[in-house]
Amino acid sequence: MTCTLSTSFGTSRLCIYSQKKSDCIANPYPLYQAMAPNTHNIGATTITPTTTFNTTTTAAPDFITQLLNMIPLPRWAIYAIAAAIGLVFLICFFYICIKCCCKGKKNKNKNEKIKLDGMKGFTTAALVQPGLEDLDYGSSDKPKGKLQYSLEYNFQNQELIAGVKQAAELLAMDLGGTSDPYVKVYTLPNKSKTWETKVYRKTLNPIFNEIFKFQIPEAELNKSTIVMQVYDFNRFSKHDVIGELRIPLNTMDRNHVIEQWMELSAASKYEHENLGEICFSLRYVPTTSKLTIVILEAKNLKKMDVGGLSDPYIKIQLILDKKKWKKKKTSVKKKTLNPYFNESFTFEVPFKEIQKVQVVISVWDHDKMSKNDAIGKIFLGCSAAGNQLRHWSDMLANPRRPIAQWHTLQSMEEVDSALGMSYKFKIPLINKTF
């Protein structure tokens, strides 16, 4: 007895009933190919297919392959260019990540207001923000490490022999917990030559064992200082200063060789070379809006000429909203490091502008055959700091009265950097009776 044939998804099912009609034999036949319309005989069984499936498919065109075929280059060249571009992007990504991780946090200083109400004859600017000479690179609370050095003075050759022996427990500056240290050595105030040791890779305990010589007359030893600065070498960015030693030579025993360890201190932000001092007076009359500056004298100016002298003169500039506003200059004093000027200059500055204006006083060495050289500079105003702010505050607290004071000259870079800072620091003049 033949049972009914049914097909489903490429298979056929044949059931043959026995006499008891209880046994059913299932025979699957995969339909991977189209079956013929005629009947296939298998023994006494007739199989007739009822459905047919077409399994042939057409693949979608490969877009990337077509794009590569359109480029008139060998396949290996295309792969090489793609790999190079990917490598460049990867290097740039890691470089940006490293710079972002290594960037230090800057401390924000809080501003203090200084009240001048009711004050006559003296200033209230005793608690002002520190001068730039008090600011250091980075944070000074972390130990910088220590440096072993040696000092010896040769009387016969009039030279100082400085040895950089080794360093230990240096502050790690790289992400891997190490540094690439080297040491710079020079003397002040005459920074005529700077020596550097070799760079030692990936270590916090380098051994240098290098010696450097400086020609310093014995008479200048008491005024000289030797500086040893430890740096971390960076190939693709500015080198980071780890710490420094500043050793006044008037404290050394010149008859013996000195060799000792010293803890590194935070490096100063600017190198304070001895540039000289200047004395001038300030006077402001609010009713007439007249600001009078009298340049009195200068002393111990830096030697700029070959003969050990200078031809100094003074420039006075008024800056308003970071733009040059007005300027004047003194006469030139020939061949002297201690010029006397006693020259007066008057500027018209409205009362509403007196807290915005910056007075920049710079000392220059006059040269006939070449460009004039800058010796030093300072600036005063409500955005100044230290002694400069005190002098400015004294002037505002004592209208119509000239206030004279000595100031130490600073480097051009130091003052220009300070002028670029946006100090929002003002001295309140409300209810002030002039």
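Criteria and cut-off values
- Residues numbered from 1 in each chain as written.
- Predicted model: local features only at pLDDT ≥ 70, side-chain atom pairs only at ≥ 80, totals over all residues.
- Heavy atoms only, no water.
- Buried < 20%, exposed > 50% of the residue type's maximum accessible area, 1.4 Å probe, protein only.
- Helix = DSSP H or I, 4+ residues; strand = E, 2+ residues; numbered from the N terminus.
- Pairing = 2+ DSSP bridges.
- Contact = heavy atoms within 4.5 Å.
- Expected span 1.5 Å × (residues − 1).

1. A few points about the pairing of strand β18 (residues 358-365)
Item 1. Among the 8 residues that make up β18, 8 are buried, leaving the element largely enclosed by the rest of the structure.
Item 2. A two-sided burial pattern is seen for β18, the buried positions comprising Gln358, Val360, Ser362 and Trp364 on one face and Val359, Ile361, Val363 and Asp365 on the other.
Item 3. When strand β15 (residues 312-320) meets β18, the two strands line up antiparallel, connected through 8 bridges. Each bridged residue has a counterpart across the sheet, and for tyrosine 313 the counterpart in β18 is tryptophan 364.
Item 4. Relative to strand β19 (residues 373-380), β18 runs antiparallel, the two sharing 7 bridges. Bridge pairing in β19 links valine 360 to phenylalanine 379.

2. Thoughts on the side chain of glutamine 405
Item 1. For glutamine 405, the location among the structural elements is in strand β20 (residues 403-408).
Item 2. Among the residues examined, glutamine 405 registers a relative accessible area of 19% and is labelled buried.
Item 3. Apart from the residues lying within four places of it in its own chain, the contact partners of glutamine 405 are Ile278, Cys279, Phe280, Asn387, His391 and Asp394.

3. Description of helix α3 (residues 386-397)
Item 1. Between its terminal C-alpha atoms α3 stretches 17 Å, which fits the 16 Å expected from 12 residues at 1.5 Å a residue.
Item 2. α3 sits mainly inside the fold: 10 of its 12 residues count as buried.
Item 3. Those residues of α3 not exposed but buried are Gly386, Gln388, Leu389, His391, Trp392, Ser393, Asp394, Met395, Leu396 and Ala397.
Item 4. Residues of α3 that are buried in the fold lie against β13 (277-285), β14 (290-299), β18, β19 and β20.

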